[in-house]
Amino acid sequence: MNRRVVNRRYEDVSVGEELPELSIPLTRTMIVAAALASRDYQDVHHDPSLAVERGSKDVFMNILTTNGLVDRYVTGWAGPAAVVKAIRIRLGAPNYPGDTMVLTGAVAAKHPDARRVEIAVRGVNAIGPHVTGTVVVELPVVVEPPVESPAVRRRGSGS
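These remarks concern the structure in this document. The shown structure was predicted, so the numbers you read here are calculated from the model rather than taken from an experiment.

**Quick look at the pattern of salt bridges**
In step 1: Scanning all chains against the criterion turns up six salt bridges.
In step 2: In this structure, the salt-bridge partner of Glu17 is Arg8, at a minimum N-O distance of 3.4 Å.
In step 3: On the accessibility criterion, Arg8 (26% relative accessible area) is partly exposed.
In step 4: Residues Glu138 and Arg116 are paired through a salt bridge, measuring 3.6 Å at the closest nitrogen-oxygen approach. One end of the pair, Glu138, is in strand β5 (residues 129-138); the other, Arg116, is in strand β4 (residues 116-124), and 22 residues separate them in sequence.

In structure tokens:
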């Protein structure tokens, strides 16, 4: 299936605009693999018995994975031409295997001097809010092609 790439432009975004919801199934494999891929070898992210010994009910997602998922969520909406300038997140309830995290967001502010848009993001699982925060992205602007004078067009046409 081909998906059309959409690049959000600064002019087309409005404060209050809601991003589409994204549901992310939280598998044990995803939680463990992402922790190891981000070089977070803390046992609470990959060893269930040690996680329980340390007071958790199971292994849980690390903050680097959450940060990456928040980035993916916003850039998936904004498009590949968007440049992430800042991500500020705060963790809440842990993401455990077998649950689903649902990400939602809305445009909270626009900064015209820098073509930047601030997105308020929230990720919730069965226990409650896992992540809240903001992401600032720089979006492209509409660029009109230069208008050629008739003299330039005549020279280039071979007449």
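**A short note on unusual backbone geometry**
In step 1: Of note in the backbone geometry, Arg39 takes a positive phi value of approximately 60 degrees without being a glycine.
In step 2: By secondary structure assignment, the location of Arg39 is in the loop between α1 (28-37) and α2 (48-53).
In step 3: Given the relative accessible area of 68%, Arg39 is considered exposed.
In step 4: Positive phi, close to 55 degrees, is recorded for Arg115, a residue that is not glycine.
In step 5: Within the secondary structure layout, Arg115 lies in the loop between β3 (100-111) and β4.
In step 6: By relative accessible area, Arg115 is classed as partly exposed at 30%.

Rules and cut-offs
- Residues numbered from 1 in each chain as written.
- Predicted model: local features only at pLDDT ≥ 70, side-chain atom pairs only at ≥ 80, totals over all residues.
- Heavy atoms only, no water.
- Salt bridge = Lys/Arg side-chain N within 4 Å of Asp/Glu carboxyl O.
- Buried < 20%, exposed > 50% of the residue type's maximum accessible area, 1.4 Å probe, protein only.
- Helix = DSSP H or I, 4+ residues; strand = E, 2+ residues; numbered from the N terminus.

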